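Descriptive analysis of the structure
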Protein chains: 4
Amino acid sequence: MSGPTPRSPVPRRPRRHDPGRRDRLIDAALTVIAERGVAGTTHREIARAADVPLGSMTYHFASLDEVLAEAFTRHADSVARVFDERLSAARDRDAAIEAVITLVSDDLLGARQDLVLSVELYVAAARNPALRTVTQAWMARSRQALERHFDATTARELDALIEGLVLHSALSTDPMTPEQIRHAICRHLR
Amino acid sequence: MSGPTPRSPVPRRPRRHDPGRRDRLIDAALTVIAERGVAGTTHREIARAADVPLGSMTYHFASLDEVLAEAFTRHADSVARVFDERLSAARDRDAAIEAVITLVSDDLLGARQDLVLSVELYVAAARNPALRTVTQAWMARSRQALERHFDATTARELDALIEGLVLHSALSTDPMTPEQIRHAICRHLR
Amino acid sequence: MSGPTPRSPVPRRPRRHDPGRRDRLIDAALTVIAERGVAGTTHREIARAADVPLGSMTYHFASLDEVLAEAFTRHADSVARVFDERLSAARDRDAAIEAVITLVSDDLLGARQDLVLSVELYVAAARNPALRTVTQAWMARSRQALERHFDATTARELDALIEGLVLHSALSTDPMTPEQIRHAICRHLR
Amino acid sequence: MSGPTPRSPVPRRPRRHDPGRRDRLIDAALTVIAERGVAGTTHREIARAADVPLGSMTYHFASLDEVLAEAFTRHADSVARVFDERLSAARDRDAAIEAVITLVSDDLLGARQDLVLSVELYVAAARNPALRTVTQAWMARSRQALERHFDATTARELDALIEGLVLHSALSTDPMTPEQIRHAICRHLR
DNA sequence: AATGAATGAGTATTCATTCAT
DNA sequence: TATGAATGAATACTCATTCAT
């Protein structure tokens, strides 16, 4: 009694031909990582999030590690792209400073999911060399973007300060206000 | 075939009386977290690290979460204590600045295990409210220590900068040198 | 010492494709419940009884409770079916009385396993609401079957009497003989 | 941090000398059995219910089975005593009939805990010979009490009917009313 | 006499991955 | 190409019982 499919409650899914599914799976993986952490990210959970049969996961990816690597690469790329765009749009040093402030206040602190994903990536990278490649490429790219407007030493320091401001605000019960962030950045660059 | 060798098959661990075991388990937990991450921290792994039978874990702790909470509390306490000590030893602002530099270069970046533990704690806290209590108490304590020598705004910014410098160096293939760290901190406080 | 004997160490069970396994598991569960009681009914025990790997249990059933519910439902259905059949075959009141006597003497008391299963179900239902549904549907069905031939009050009393006769005989060292059962039932309906 | 006693939350218990503890433990066991079933009855649970240290259980009883046996014996004795008393107080057959009705309506159906305990005992006895002794002594005693007023055959039938009425009412969503019980019993004895 | 600590076997359940269709 | 079924290792946790104090 009661059909033989044990877990998935009801939804018939007649989606045999589905190009772009691999892509959707990577996005689903990011959602799951953000919601439940890398530790809670399983084939099953991702498949459920993407509304796709379990077998499809191992059909499209050789292993869960492969999924994680692709997901984190996508995340880093998307954050880095915003970084690039903000800074390459700035015409002078002052505009660059404003860009950095916006970046921290709006882009980084504004997107809860991205924030969580970044910290998850840091920790995962600590033990997974494949992910270390991702974080390093990302850091290099951020610093490069900053170096369009600041000398190498300043760029590096600024990058660290940004990291600290974001992380602190993320963990704090009373995150810094945009004015406080502006103050911190301007003081360092003064 | 070949008798069952009935007595003392593995002659290890005749440790029925072992006061302080709970304590050792917490330390073992910290070692395991540092080595394999929170995700890889299991009852078994901790028991193995402490050379203690598995059942002992659940005798001493109601759940794995309790173990994590106690372990991270101990970690945060020990890091905060160093912070406190360095800063309360400083007689004036200049000495305080030197203290901060030493803190970052030596204490924080010097102890690989502590560094990893801190990042693990950040991520774990993102999903575990009990741990959030730990991080917040810790942050409050650091800031308080800094406020012995700096105004509240500066203390907060400095705390964030320290965080960023440590994290960046931790993740980077080429961590910042003590001189670079001194430069960053002095520039902000200049 | 002595090579690892790499191939087919225990040449059992090459049953990758096995339709109807879920079904067999439910039957195995009933066997185990009858033999060792609900308390002794574990995933492992059922898997062993069905000669199936442990993992298969949790693939087919979301929880042990689900297994129990399905197993008891099957049991109740099968007992109720016999009840139905006997009584719907009876053409008049006298035939119905004979049917009830046969039911108690042969069907209920005759099948040791069914008897034990019923008592197990009673107790389990006392603490598991899902099972209470099963017992109640079953009771309703029995009473309905009796009401084909007897008025509602009589049906209810008869149902209770049957229960008592069966339970008493089941627990007793000297169970009632068919004649004694006939006497009890006839006296009540006289 | 936090003392070495892991489970029991706070309550200091300086009760080194405590005669009658064994007795209280048996009562606690009955409470636990009624609340969580034999399957959920553990040393720990009983110790907690009696507010006694775990070690005390195995100090007073050689095994859990011993606890169960003593607890069920006490339960059966107390139910049988009521049975005895009601029936020995009856001066004639009519009074005996009234006694039986009161017994079922008030004593048996009125005490939820006793009812549950009885069914638990039945099932436990099915697999534990030591308990079978208890149930059989109990049944013999009930029947003997009935035989003060009824012939052997009637006593036996009545005993079964009582059992059925109680069990049915216990399991049913709409238990029989005292009038319905009176009707059933009187009809059988008419 | 009494008890906290200790332990190993057992429990349900999860899951990455393999396989047959 | 795609997937439901299958599996074995692992996980957190429970517990009767033993033991040292």
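Residues numbered from 1 in each chain as written. Chains lettered and ligands numbered in written order. Predicted model: local features only at pLDDT ≥ 70, side-chain atom pairs only at ≥ 80, totals over all residues. Heavy atoms only, no water.

Across the boundary between the two partners, chain B contributes 40 residues, which contact 40 residues of chain A. Counting the surface chain B buries against chain A, the share from its top three residues, R127, R156 and H168 of chain B, is 20%. Across the chain B-chain A interface, the total number found is six salt bridges. Its salt-bridge partner being E157 of chain A, residue R187 of chain B comes within 3.2 Å of it at the nearest N-O pair. At the junction of chain B with chain A, the criterion picks out 27 residue pairs in polar contact (both at pLDDT 80 or more). Where the side of chain B that touches chain A is concerned, the elements lending two or more residues are helix 1 (21-36), helix 6 (112-127), helix 7 (129-147), helix 8 (152-171) and helix 9 (178-189) of chain B. Tallying contributions element by element places helix 8 of chain B first for the side of chain B that touches chain A, with 13 residues. Classifying every residue of the side of chain B that touches chain A gives 17 nonpolar, 11 polar and 12 charged. (Contact = heavy atoms within 4.5 Å. Buried area = accessible area lost by both parts, 1.4 Å probe. Salt bridge = Lys/Arg side-chain N within 4 Å of Asp/Glu carboxyl O. Polar contact = N/O pair within 3.5 Å; in protein donor to acceptor, adjacent residues only side chain to side chain. Helix = DSSP H or I, 4+ residues; strand = E, 2+ residues; numbered from the N terminus. Nonpolar A, V, L, I, M, F, W, Y, C, P; charged D, E, K, R; others polar.)

By a simple turn and slide, chain B fits onto chain A: the slide is 0.2 Å along the axis, the RMSD is 0.2 Å, and the turn is 180°. Such values leave the two copies arranged in the relation of a two-fold axis. Proximity to the rotation axis, assessed at the C-alpha, singles out G164 of chain B in chain B; its C-alpha lies 1.8 Å from the axis. In this assembly, 100% of the residues forming the interface of chain B have copies in chain A that are likewise at the interface, indicating an isologous arrangement. (Least-squares fit on C-alpha atoms with pLDDT ≥ 70 in both.)

Another point: unusual backbone geometry. One non-glycine residue, D51 of chain A, lies in positive phi territory at about 55°. Its place among the elements puts D51 of chain A in the loop between helix 2 (43-50) and helix 3 (54-60).

Within the secondary structure layout, E45 of chain D lies in helix 2 (residues 43-50). Among residues more than four places away in sequence, those in contact with E45 of chain D are V32, R36 and G40 of chain D.

Residue and element names in this part refer to chain C. Looking at the element boundaries, S63 is found in the loop between helix 3 (54-60) and helix 4 (64-89). By relative accessible area, S63 is classed as partly exposed at 30%. Through-space distance from the C-alpha of S63 to that of D114 is 24 Å; in sequence the pair is 51 residues apart. (Buried < 20%, exposed > 50% of the residue type's maximum accessible area, 1.4 Å probe, protein only.)

Okay, the domain arrangement of chain A next. Residues and elements named next belong to chain A. Here chain A is partitioned into domain 1 (21-61) and domain 2 (66-189). Each of domain 1 and domain 2 has a C-alpha centre, and these two points are 26 Å apart. At the junction of the two partners, domain 1 supplies 16 residues and domain 2 supplies 13 residues. When the two sides are added together, the surface that domain 1 and domain 2 hide from each other amounts to roughly 1300 Å², 71% of it contributed by carbon and sulfur. Applying the counting rule to domain 1 against domain 2 returns four salt bridges. (Domains from an automatic or database assignment.)

What follows is about the UniProt feature "domain: HTH tetR-type" (unreviewed entry) in chain A. The UniProt record marks residues 19-79 of chain A with the feature "domain: HTH tetR-type" (unreviewed entry), using the residue numbering of this structure. The distance separating the terminal C-alpha atoms of residues 19-79 of chain A is 26 Å; by composition the span is 77% helix and 0% strand. (UniProt positions renumbered as here; feature names shortened; annotations may be inferred.)

Residues and elements named next belong to chain A. Where helix 7 (residues 129-147) contacts helix 8 (residues 152-171), the two axes come as close as 9 Å, and the packing angle between them is 125°. In terms of orientation, helix 7 and helix 8 fall into the oblique class. Crossing handedness for the pair helix 7 and helix 8: right-handed. Contact with helix 7, carried on its side by M139, S142, R143, L146 and E147, involves A152, A155, R156, L158 and D159 of helix 8 and no other residues of that element. Tallied by class, residues from the contact of helix 7 with helix 8 come to five nonpolar, one polar and four charged. (Axes fitted to C-alpha atoms, helices over the stretch in contact; angles between N-to-C directions. Parallel < 35°, antiparallel > 145°, perpendicular 65-115°, else oblique. Left-handed = near helix turned anticlockwise from the far one by under 90°.)

Moving on: helix 7 (residues 129-147) of chain D. With 19 residues, helix 7 of chain D should reach 27 Å at 1.5 Å per residue; the first-to-last C-alpha distance of 27 Å fits that figure. For helix 7 of chain D, the full list of buried residues reads L131, V134, T135, W138, M139, S142, R143, A145 and L146 of chain D. Seen along its axis, helix 7 of chain D keeps its buried residues to an arc of 160°; they face one direction. Among the exposed residues of helix 7 of chain D, those pointing more than 90 degrees away from its buried face are P129, T133 and Q144 of chain D. On its buried face, helix 7 of chain D sits against helix 8 (152-171) of chain C together with helix 4 (64-89), helix 5 (93-110), helix 6 (112-127) and helix 8 (152-171) of chain D. Its side-chain oxygen at 3.0 Å from the backbone nitrogen of A130 of chain D, N128 of chain D defines the N-terminal cap of helix 7 of chain D. (Expected span 1.5 Å × (residues − 1). Arc of directions from axis to C-beta.)

Attention shifts here to the UniProt feature "DNA-binding region" (unreviewed entry) in chain A. Feature annotation in UniProt assigns "DNA-binding region" (unreviewed entry) to the following positions: residues 42-61 of chain A. From the first C-alpha to the last, residues 42-61 of chain A spans 13 Å; its make-up is 75% helix and 0% strand.

Residue and element names in this part refer to chain A. Within the fold, S78 resides in helix 4 (residues 64-89). Looking at S78, the relative accessible area reads 28%, which means it is partly exposed. C-alpha separation for the pair S78 and R156, spaced 78 residues apart in sequence, amounts to 21 Å.

What follows covers the pattern of salt bridges. Residues and elements named next belong to chain A. Evaluation of the coordinates by the stated rule reveals 52 salt bridges over all chains. One salt bridge connects E45 with R48, and the closest N-O pair in it is separated by 3.6 Å. Of the two residues, E45 and R48 are both situated in helix 2; the distance of three residues between them amounts to about one turn of the helix. Residue E45 is classed as buried on the basis of its relative accessible area, which comes to 17%. Look at the salt bridges and you will find they share partners, linking R22, E66 and E70 into a network.

With that out of the way, let us pick up the nonpolar core. Residues I185 of chain A together with I185 of chain B are the most contacted members of the largest nonpolar core, which totals 125 residues. Two domains share this core, each providing at least three of its residues, namely domain 1 (21-61) and domain 2 (66-189) of chain A. Excluding its chain neighbours within four sequence positions, the residues that come into contact with I185 of chain A are I97, V100, I101, V104, L158, L161 and L165 of chain A. (Core = buried A, V, L, I, M, F, W, Y, C linked by side-chain atoms within 4.5 Å.)

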